[in-house]
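A look at the structure
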2 protein chains.
Amino acid sequence: MYVKIDFSSDEAFYIQLRNQIIYGIATSKIQEGDNLPSVRELAENIGINMHTVNKAYAILKQEGYIKLDRRKGAVIAIDMNKLQAIEEMKENLRVIFAKAICKNISCEEAHKIVDQIFDEFERG
Amino acid sequence: MYVKIDFSSDEAFYIQLRNQIIYGIATSKIQEGDNLPSVRELAENIGINMHTVNKAYAILKQEGYIKLDRRKGAVIAIDMNKLQAIEEMKENLRVIFAKAICKNISCEEAHKIVDQIFDEFERG
DNA sequence: GTACTGTTATATTATATATATAACAGATAT
DNA sequence: ATATCTGTTATATATATAATATAACAGTAC
């Protein structure tokens, strides 16, 4: 599970880090029960501050992707509240597909792209 | 075309405003050639600062949703660069569907939700 | 001229981001 | 017991972004 931060990106480090860990779970590079590096170790590896990693972990915990174990540290543990996850997904998709409609992207084209992305993740 | 800002939201005012104008275009409440209210007028109506509205307009212009006419002010004018729009859409969808896969939402379920959202916009 | 556009400049306040140093409580191994 | 590892909390600082305020500018229109 390699993590790379784009220091020239306008996206906050802790958001980039959170997304990459979510990508790791989606592509099965890390899975339920696996433990993440400690905040200090990961911060050292990436070259960012410990508190920035800690913020990413805190958000992943709050969003239901990890749990924190005093012994093992941060452990992948998906909170499977599908209804809630679907509602949040819908809200995010509305903005994206509103843009798509403005740019004349059809529902069929959107479906093709959805398949493409799911394929990407399933192939790792 | 009514615009409402959620003052308690953690989303920036100018982002909320931009999104609502995009929703307006996607639902055909406003269309190609229509002009938006002036920055001062809209700011007054919503109860926010002129510069915040101006920022939203500047972004909408940069993203290819409006053009600025010295005479008419801001006018809806979609820049139809589909390839670019599709690439941007893909990038945004990756994060959302990575989350979906973590939360055990299937590709089929995603497709259903896509249809739902496109329906919402087409019905207005 | 007067009134309307978006735009720019300058300044201020508040919040978010990222860093740094330090300490704490619980777990673990030596 | 001591040392070492967890996440967590506290405090402080620097920087960037967001939102506001007041003011002016260059076109356009009546």
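An unreviewed UniProt entry annotates chain A as GntR family transcriptional regulator originating from Mobilitalea sibirica.

1. Notes on the side chain of B:Lys103
Looking at the element boundaries, B:Lys103 is found in the loop between α4 (82-102) and α5 (107-123). Lacking a salt bridge, the buried B:Lys103 has A:Asp79 as its closest oppositely charged neighbour, with an N-O distance of 4.8 Å.

2. Regarding the packing of helix α4 (residues 82-102) of chain A against helix α1 (residues 13-26) of chain B
Across the interface, α4(A) lies against α1(B) with an axial gap of 8 Å and an inter-helix angle of 50°. With respect to their mutual orientation, α4(A) and α1(B) come out oblique. Here α4(A) runs over α1(B); the crossing is left-handed. Across from A:Arg94, A:Val95, A:Ala98, A:Lys99, A:Ile101 and A:Cys102 in α4(A), the residues of α1(B) making contact are B:Arg18, B:Asn19, B:Ile22, B:Tyr23, B:Ile25 and B:Ala26.

3. A word on the protein's contact with DNA strand C
Lining the immediate environment of DNA strand C, one finds 24 residues, of which A:Phe13, A:Tyr14, A:His51, A:Arg71 and B:Leu68 sit closest. A:Arg40 has a polar side-chain atom sitting 3.2 Å from a base nitrogen of DNA strand C. Here a phosphate oxygen of DNA strand C and a side-chain polar atom of A:Thr52 are 2.8 Å apart. At the level of secondary structure, the elements contributing two or more residues to the surface near DNA strand C comprise α1 (13-26) and α3 (50-62) of chain A together with α2 (39-46), α3 (50-62) and β2 (73-76) of chain B. Residue composition of the surface near DNA strand C, by class: ten nonpolar, seven polar and seven charged.

4. Observations concerning the protein's contact with DNA strand D
Within the structure, DNA strand D sits among 24 residues, and A:Leu68, B:Phe13, B:Tyr14, B:His51 and B:Arg71 are positioned closest to it. The sugar-phosphate share of atoms of DNA strand D within 4 Å of the protein amounts to 64%. Here a phosphate oxygen of DNA strand D and a side-chain polar atom of A:Lys61 are 3.2 Å apart. If you list the elements that add at least two residues to the surface near DNA strand D, you get α2 (39-46), α3 and β2 (73-76) of chain A together with α1 and α3 of chain B. The biggest single contributor to the surface near DNA strand D is α3(A), with five residues. Here the surface near DNA strand D is built from residues that sort into ten nonpolar, seven polar and seven charged.

5. Quick word on the side chain of A:Thr27
All names here are of chain A. Mapping Thr 27 onto the fold places it in the loop between α1 and α2. Here Tyr 23 takes part through its backbone oxygen, which lies 2.8 Å from a polar atom of the side chain of Thr 27. The contact partners of Thr 27, leaving out residues within four places of it in the chain, are Phe 121 and Gly 124.

6. What to know about the relation of the copies chain A and chain B
A rotation about some axis, followed by a shift along it, carries one copy of the chain onto the other. The two copies are related by a screw motion: chain A maps onto chain B through a turn of 180° and a shift of 0.0 Å along the axis, at an RMSD of 0.1 Å. The operation mapping one copy onto its partner corresponds to a two-fold rotation axis. Every residue of chain A has its C-alpha some distance from the rotation axis, and the shortest such distance is that of A:His111, at 3.3 Å. Of the interface residues in chain A, 100% have counterparts in chain B that sit at the interface too, so the contact is made through matching surfaces.

7. Some thoughts on the packing of aromatic side chains
Applying the stated criterion across every chain, the model contains six aromatic pairs over all chains. Their ring planes at 50° and their centres at 5.3 Å tell us that A:Phe97 and B:Phe118 sit as a pair that is tilted. One end of the pair, A:Phe97, is in helix α4; the other, B:Phe118, is in helix α5, on a second chain. One exposure class covers both A:Phe97 and B:Phe118, and it is buried.

8. Looking at the pairing of β2(B)
Note on strand geometry: in a regular strand, side chains alternate between the two faces of the sheet. Residue and element names in this part refer to chain B. By the bridge criterion, four bridges tie strand β1 (residues 66-69) to β2 in an arrangement that is antiparallel. When the sheet's bridge partners are listed, Ile 66 is paired in β2 with Ile 76. Counted along the chain from β1 to the antiparallel partner β2, the turn is three residues long.

9. Quick look at the interface of chain A and chain B
Between chain A and chain B, the residue contacts involve 44 residues of the former and 44 residues of the latter. Between chain A and chain B lies a buried interface of about 4,700 Å² when both sides are counted; carbon and sulfur atoms form 73% of it. It is A:Cys102, A:Lys103 and A:Phe118 in chain A that bury the most area against chain B; as a group they hold 16% of the surface buried on that side. Taken together, chain A and chain B are joined by four salt bridges. Here A:Lys82 ties to B:Glu109 by a salt bridge, and the two come within 3.1 Å at their closest N and O atoms.

Rules used throughout
Residues numbered from 1 in each chain as written. Chains lettered and ligands numbered in written order. Predicted model: local features only at pLDDT ≥ 70, side-chain atom pairs only at ≥ 80, totals over all residues. Heavy atoms only, no water. Helix = DSSP H or I, 4+ residues; strand = E, 2+ residues; numbered from the N terminus. Buried < 20%, exposed > 50% of the residue type's maximum accessible area, 1.4 Å probe, protein only. Lys, Arg positive; Asp, Glu negative; His and termini not counted. Salt bridge = Lys/Arg side-chain N within 4 Å of Asp/Glu carboxyl O. Axes fitted to C-alpha atoms, helices over the stretch in contact; angles between N-to-C directions. Parallel < 35°, antiparallel > 145°, perpendicular 65-115°, else oblique. Left-handed = near helix turned anticlockwise from the far one by under 90°. Contact = heavy atoms within 4.5 Å. Near = heavy atom within 4 Å. Polar contact = N/O pair within 3.5 Å; in protein donor to acceptor, adjacent residues only side chain to side chain. Nonpolar A, V, L, I, M, F, W, Y, C, P; charged D, E, K, R; others polar. Least-squares fit on C-alpha atoms with pLDDT ≥ 70 in both. Phe/Tyr/Trp six-rings, centres within 6.5 Å; stacked < 30°, edge-to-face > 60°. Pairing = 2+ DSSP bridges. Buried area = accessible area lost by both parts, 1.4 Å probe.

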